[in-house]
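So you can see what is in the structure, the chains are spelled out below.
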Amino acid sequence: MCSGTAVRAESLDLLVVAVCADYDRRLSAIKERSVSHRTEMEYRYLNYRVYLAAAEIVGDLYAPDMIREIGARRGYAKSAVEDYSERTYKVKKQQIKMNIAKKLHLID
């Protein structure tokens, strides 16, 4: 049986993955101006915080790739990021997930 902490950690991970998976859809809606002003502002806020969280860990060059890979649940073997060893990639990916959760004020 799962402990309460494990369930919370799993649900947080799923939430961060979902926010990353939706990154490009929000980006397209912003560019196309296909949503209301209020929704656009929320999309901008979410995407900015997600991007900032990733860029703080891997820099501007790899932030978009890492966001997409988190959202797609893509692993090291199929990664577009080639400059990291497997271990470093996995550590950075986990750090990004935690940083996203912090930047979105989902955890302290």
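Rules used in this analysis
Every chain is numbered independently, its residues counted from 1 as its sequence is written. For this predicted model, a pLDDT threshold of at least 70 governs which residues receive local features, and a threshold of 80 or more governs which side-chain atom pairs are given and counted, while totals over whole chains, interfaces and linings are taken from all residues. Processing note: side-chain calculations cover all non-hydrogen atoms of the structure and skip hydrogens and water entirely. The working definition used for a salt bridge is a side-chain nitrogen of Lys or Arg within 4 Å of a carboxyl oxygen of Asp or Glu. Numbering goes from the N terminus for both helices and strands, where a helix is a DSSP run of H or I of at least four residues and a strand is a run of E of at least two. Burial classes follow relative accessibility: with a 1.4 Å probe on protein chains only, a residue under 20% of its type's maximum area counts as buried, one over 50% as exposed, and anything between as partly exposed. Here an angle of 0 to 180 degrees is reported between the N-to-C directions of two axes, which are lines fitted to C-alpha atoms, with helices fitted over the stretch in contact. Comment on the angle field: the value is read as roughly parallel under 35 degrees, roughly antiparallel over 145, roughly perpendicular from 65 to 115, and oblique elsewhere. Should any heavy atoms of two residues lie within 4.5 Å, those residues are counted as being in contact. Three residue categories are used. Nonpolar comprises Ala, Val, Leu, Ile, Met, Phe, Trp, Tyr, Cys and Pro, charged comprises Asp, Glu, Lys and Arg, and polar comprises the others, including Gly. The charge count includes Lys and Arg as positive and Asp and Glu as negative, but it does not include His or the ends of the chains.

1. With respect to the pattern of salt bridges
Argument step 1. Per the counting criterion, the structure on display carries 10 salt bridges.
Argument step 2. A salt bridge links Asp13 to Lys97; the nearest nitrogen and oxygen atoms lie 2.9 Å apart. You can see Asp13 sitting in helix H1 (residues 4–21) and its partner Lys97 sitting in helix H4 (residues 86–103), a full 84 residues away along the chain.
Argument step 3. Assessed through its relative accessible area of 14%, Lys97 is described here as buried.

2. Things to note about the packing of helix H3 (residues 37–72) against H4
Two numbers describe a pair of packed helices, the interaxial angle and the distance between the axes.
Argument step 1. At a minimum axis distance of 9 Å, the contact between H3 and H4 shows a crossing angle of 170°. Relative to H4, H3 is oriented roughly antiparallel. In this structure, H3 uses Tyr45, Arg49, Val50, Leu52, Ala53, Ala54, Glu56, Ile57, Val58, Met66, Glu69 and Ile70 to contact H4, whose residues at the interface are Tyr89, Lys92, Lys93, Gln95, Ile96, Lys97, Asn99, Ile100 and Lys103.
Argument step 2. Residue classes in the contact of H3 with H4 are distributed as 12 nonpolar, 2 polar and 7 charged.

3. Things to note about the side chain of Arg49
Argument step 1. Mapped onto the elements of the fold, Arg49 is located in helix H3.
Argument step 2. Of the buried charged residues, Arg49 lacks a salt bridge, with Glu56 as the closest side chain of opposite charge at 7.5 Å.

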